[in-house]
Amino acid sequence: MRIGVCPGSFDPVTNGHLDIFSRASKMFDLLIVAVFHNPNKKPLFTMAERVEMLNLATKDIPNIRVDSFSGLLNDYVRRQDSSFIVRGLRALSDFEYEFQRALLIKKIDPVMETIFMMTSSEYSFISSSGIKELAKFGGPITGLVPACLENRIIKRIREKN
């Protein structure tokens with residue numbers, strides 16, 4: 001069975017993320033969307049909430065499993081019986097950052113392969129931080145995040161202000 005792992009903070013999940021998940025799911029028997037605990041970030045949603053939101057947002061993609069982890073990505077990927085990491089890219093700046101990370105992972109774990117997927121152009125400007133900033137100031141996020149999560153995201157962002 002071919003298993004891919006798509007890690008990220010997904011705080012919150014966007015339609016750009018869903019685009020990558022949907023397309024990557026066609027490349028694997030199972031795609032694990034893994035919420036990573038990043039100690040350098042202060043998330044808007046808890047890890048459990050992000051897992052729940054991802055489960056809701058991906059319920060129509062049958063071969064996706066949502067999980068969470070902390071620690072080294074390559075260790076997590078190995079525990080999932082995989083050697084494939086899927087990373088979504090929006091712009092050249094994403095590539096530079098992700099390329100360095102992929103090379104580092106390859107250096108410490110030569111079996112690991114990182115697959116870079118460009119997001120569809122209609123989502124290339126969407127980021128979780130951009131969604132949070134837009135909603136914070138009352139801007140519309142319709143069409144930028146999964147419709148089933150839009151009100152929840154707006155409510156949380158406004159509670160934090």
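The structure displayed is predicted, hence computed values, not measured ones.

Thresholds applied
Residues numbered from 1 in each chain as written. Predicted model: local features only at pLDDT ≥ 70, side-chain atom pairs only at ≥ 80, totals over all residues. Heavy atoms only, no water. Patch = residues over 30% accessible without salt bridge, like charges linked within 9 Å, V, L, I, M, F, W, Y side chains within 5 Å. Areas by Shrake-Rupley, 256 points an atom, 1.4 Å probe, with all protein chains shown as cover. Salt bridge = Lys/Arg side-chain N within 4 Å of Asp/Glu carboxyl O. Helix = DSSP H or I, 4+ residues; strand = E, 2+ residues; numbered from the N terminus. Buried < 20%, exposed > 50% of the residue type's maximum accessible area, 1.4 Å probe, protein only. Phe/Tyr/Trp six-rings, centres within 6.5 Å; stacked < 30°, edge-to-face > 60°. Pairing = 2+ DSSP bridges. Axes fitted to C-alpha atoms, helices over the stretch in contact; angles between N-to-C directions. Contact = heavy atoms within 4.5 Å. Polar contact = N/O pair within 3.5 Å; in protein donor to acceptor, adjacent residues only side chain to side chain.

Peer 1: Tell me about a nonpolar patch on the surface, and please be specific about residues and values.
Peer 2: Together, Leu-92, Phe-95, Phe-99 and Leu-103 make up an exposed nonpolar region whose accessible area comes to about 390 Å². Tracing the sequence through the fold places Phe-99 in helix 4 (residues 92–108). On the basis of relative accessibility, which here comes to 38%, the residue Phe-99 falls in the partly exposed class.

Peer 1: Break down the packing of aromatic side chains for me, with residues and values.
Peer 2: This structure, assessed with the given rule, holds 6 aromatic pairs. Judged by centre distance (5.8 Å) and plane angle (55°), the ring pair of Phe-28 and Phe-84 falls under tilted. With Phe-28 in the loop between helix 1 (15–25) and strand 2 (30–36) and Phe-84 in strand 4 (residues 84–89), this pair connects stretches of sequence that are 56 residues apart. Residues Phe-36 and Phe-69 carry aromatic rings whose centres are separated by 5.2 Å and whose planes lie at 40° to one another, so their mutual orientation is tilted. Remark: Phe-69 occurs in strand 3 (residues 64–69) and Phe-36 occurs in strand 2; sequence separation between them is 33 residues. Residue classification places Phe-69 among the buried residues on the basis of a relative accessible area of 6%. By way of ring pairs, the aromatic residues Phe-36, Phe-69 and Tyr-76 are connected into one cluster.

Peer 1: Explain the pattern of salt bridges to me, and be specific about the residues and the numbers.
Peer 2: For the structure shown, the criterion picks out 10 salt bridges. Lys-132 is the salt-bridge partner of Asp-11, the closest N and O atoms lying 3.2 Å from each other. Here Asp-11 is found in the loop between strand 1 (3–8) and helix 1, whereas its partner Lys-132 is found in helix 5 (residues 128–136), with 121 residues between them in sequence. What makes Asp-11 buried here is its relative accessible area of 4%.

Peer 1: Give a description of the sheet that holds strand 3 that names residues and reports values.
Peer 2: What the 5 strands build is an open sheet, ordered 3-2-1-4-5; its pairing is parallel. Since the sheet does not close on itself, it has two edges, and those belong to strand 3 and strand 5 (113–118), each with one partner. On average, each strand axis in the sheet is tilted by 30° relative to the strand beside it, whichever way the strands run.

Peer 1: How would you summarise helix 1 if you had to cite specific residues and measurements?
Peer 2: Most of helix 1 is tucked away, with 8 of its 11 residues classed as buried. Buried residues of helix 1: Asn-15, Gly-16, Leu-18, Asp-19, Ile-20, Phe-21, Ala-24 and Ser-25, and no others. Buried residues belonging to helix 1 abut strand 1, strand 2, helix 2 (47–57), strand 3, strand 4 and strand 5. One side-chain oxygen of the residue at the start of helix 1 lies 3.2 Å from the amide nitrogen of Gly-16, identifying that residue as Thr-14.

Purely geometric numbers; function is a separate question.
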